[in-house]
Every structure is written in structure tokens, then in C-alpha cells.
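Per-entry structural report
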Amino acid sequence: DTAVSQTPKYLVTQMGNDKSIKCEQNLGHDTMYWYKQDSKKFLKIMFSYNNKELIINETVPNRFSPKSPDKAHLNLHINSLELGDSAVYFCASSQIGVNYGYTFGSGTRLTVV
Amino acid sequence: GENVEQHPSTLSVQEGDSAVIKCTYSDSASNYFPWYKQELGKGPQLIIDIRSNVGEKKDQRIAVTLNKTAKHFSLHITETQPEDSAVYFCAAIPQGGKLIFGQGTELSVKP
């Protein structure tokens, strides 16, 4: 029973396409996040939603648009994909105010060709 | 904002030896310091954490120390085993609740 699940696990697409990554958590957490891991393994936060409301929006191109239909789901849509978008994208969740521990999904490896 | 520096970037040890990874943080308001282990093809997994009101915490072969005055914290792994090989990340949460990661340490344990 996966706590934070992301789909798809791999995504290969051409430049200029639009793609979406989906994330779901069954931990009952109220906050979800998207992190980007680059080729040097550095993990950088992109967005955070608390109870469907956007609370963190880092300096991310507006081609990236997150959407949270409910507190258990956080999707990431990317328009006009560029080569530099190639990375591993991780979804995570946490319960604010409680032990602060983040639970991460297994990642989506996006390759733009 | 918070900045977390992690050293070394790579660490190679013999099985049975100890491994130490060090991190420093910049925001004195940070009060929670987790450590994550990332195995190949997987997401980061929380292995141990420490809060700012505690100086040391141990869980079997892993321990974490925190020096609030110096703003640094360390991960210690004793009696290393090949399955400890992975990328380890330190992190800090400042006020605002945003988890900020260090750059990662690739640990290799040679049998």
C-alpha cells in the first residue's frame, strides 16, 4: 500500500509538448509538495499546497502549473517542454504541525528530447 | 532564506568502518533537521531526525548530533554495511515550513 504514489515513473517526450505528472497520498496529510532533482542530485522545492491552497511557489517558469483537486492529490502540468526540464520530479507530503517528516514518492524521470 | 551546506560530496569507506557526514545551516530559526537516504531509482526516505532542543539522537547504527551555537549537525553511521551505500541528504526546516536540502553525499561501502 504505497503512501505517496506518482505516475508515470518514466516520461520521454519531445520538446514543445505538454505533459502532466500525477501524485496521490493516502497518509491523510494536509500538505503536498513538488521537488525537482537535477542531474547533480540536488533537490529543490518547486511548489507546496496546503489543503488545496498554494502556499509555496518558488521561482519556477510559469510553464509549470500545479493543481490540487483535493488534499490527497497534487498534479503537475508542464507546457512547452524544454530540454532543461529533464530531471526527476518528486512529490512529497507532510502534516504541518506534526513531527514535520516529509514522505516522498518514488519519482518521475522526465526526459525531454 | 535558509541555506544548507553538506560535506563531503562523496565518501568511500570499507565495510565495518564508520562514516560521518557534516552539514551547516544559516537560519538560526530552523528547528528541525531530518536526514534522508536515497537509493538508486527511489525517492528520499527519512532515516533519522533531530529537533533543536536535543543535542544528540541515536537509532541502532545511526546517530545525529546538533550544535545550535555553531549551526551544524552531523550524521554518524557505525559498522557500515554494503546496503548503507546510497546518497544521503541532510535538510533543515526554517520558519515557514519549507524543507531545504543539502547537496547530498554519495556514500559507497566497499565489502
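**Quick word on the overall build of chain A**
- Looking only at helices and strands, chain A has 0 helices and 11 strands in total.
- Along the chain direction, N to C, the helices and strands of chain A fall in the order β-β-β-β-β-β-β-β-β-β-β.
- Relative to the globule expectation of 13 Å for 113 residues, the C-alpha radius of gyration of chain A, 13 Å, shows essentially globular dimensions.
- Along the longest, intermediate and shortest principal axes, the C-alpha atoms of chain A span 40 × 25 × 25 Å.
- Counting all 113 residues of chain A, 42% fall into the buried class.
- Pairs at least 24 residues apart make up 54% of the contacts formed inside chain A by residues separated by at least 6 positions.
- For chain A, the accessible surface area stands at approximately 5,800 Å², while carbon and sulfur atoms represent 49% of it.

**Here's the deal with the interface of chain B and chain A**
- Tallying the contact residues gives 17 residues for chain B and 19 residues for chain A.
- Of the roughly 1,500 Å² buried at the junction of chain B and chain A (both faces included), carbon and sulfur atoms supply 60%.
- For the chain B face of the interface with chain A, the top three residues by lost area are B:Pro44, B:Lys98 and B:Phe101, together amounting to 29%.
- Put simply, chain B and chain A have 1 salt bridge between them.
- A salt bridge links A:Glu58 to B:Lys98, with the nearest nitrogen and oxygen atoms 2.9 Å apart.
- Run the count over chain B and chain A and you get 6 residue pairs in polar contact (both at pLDDT 80 or more).
- Residue classes in the side of chain B that touches chain A are distributed as 7 nonpolar, 7 polar and 3 charged.

Rules used throughout
- Residues numbered from 1 in each chain as written.
- Chains lettered and ligands numbered in written order.
- Predicted model: local features only at pLDDT ≥ 70, side-chain atom pairs only at ≥ 80, totals over all residues.
- Heavy atoms only, no water.
- Helix = DSSP H or I, 4+ residues; strand = E, 2+ residues; numbered from the N terminus.
- Rg over C-alpha atoms; globule rule 2.2 N^0.38 Å.
- Buried < 20%, exposed > 50% of the residue type's maximum accessible area, 1.4 Å probe, protein only.
- Contact = heavy atoms within 4.5 Å.
- Areas by Shrake-Rupley, 256 points an atom, 1.4 Å probe, with all protein chains shown as cover.
- Buried area = accessible area lost by both parts, 1.4 Å probe.
- Salt bridge = Lys/Arg side-chain N within 4 Å of Asp/Glu carboxyl O.
- Polar contact = N/O pair within 3.5 Å; in protein donor to acceptor, adjacent residues only side chain to side chain.
- Nonpolar A, V, L, I, M, F, W, Y, C, P; charged D, E, K, R; others polar.

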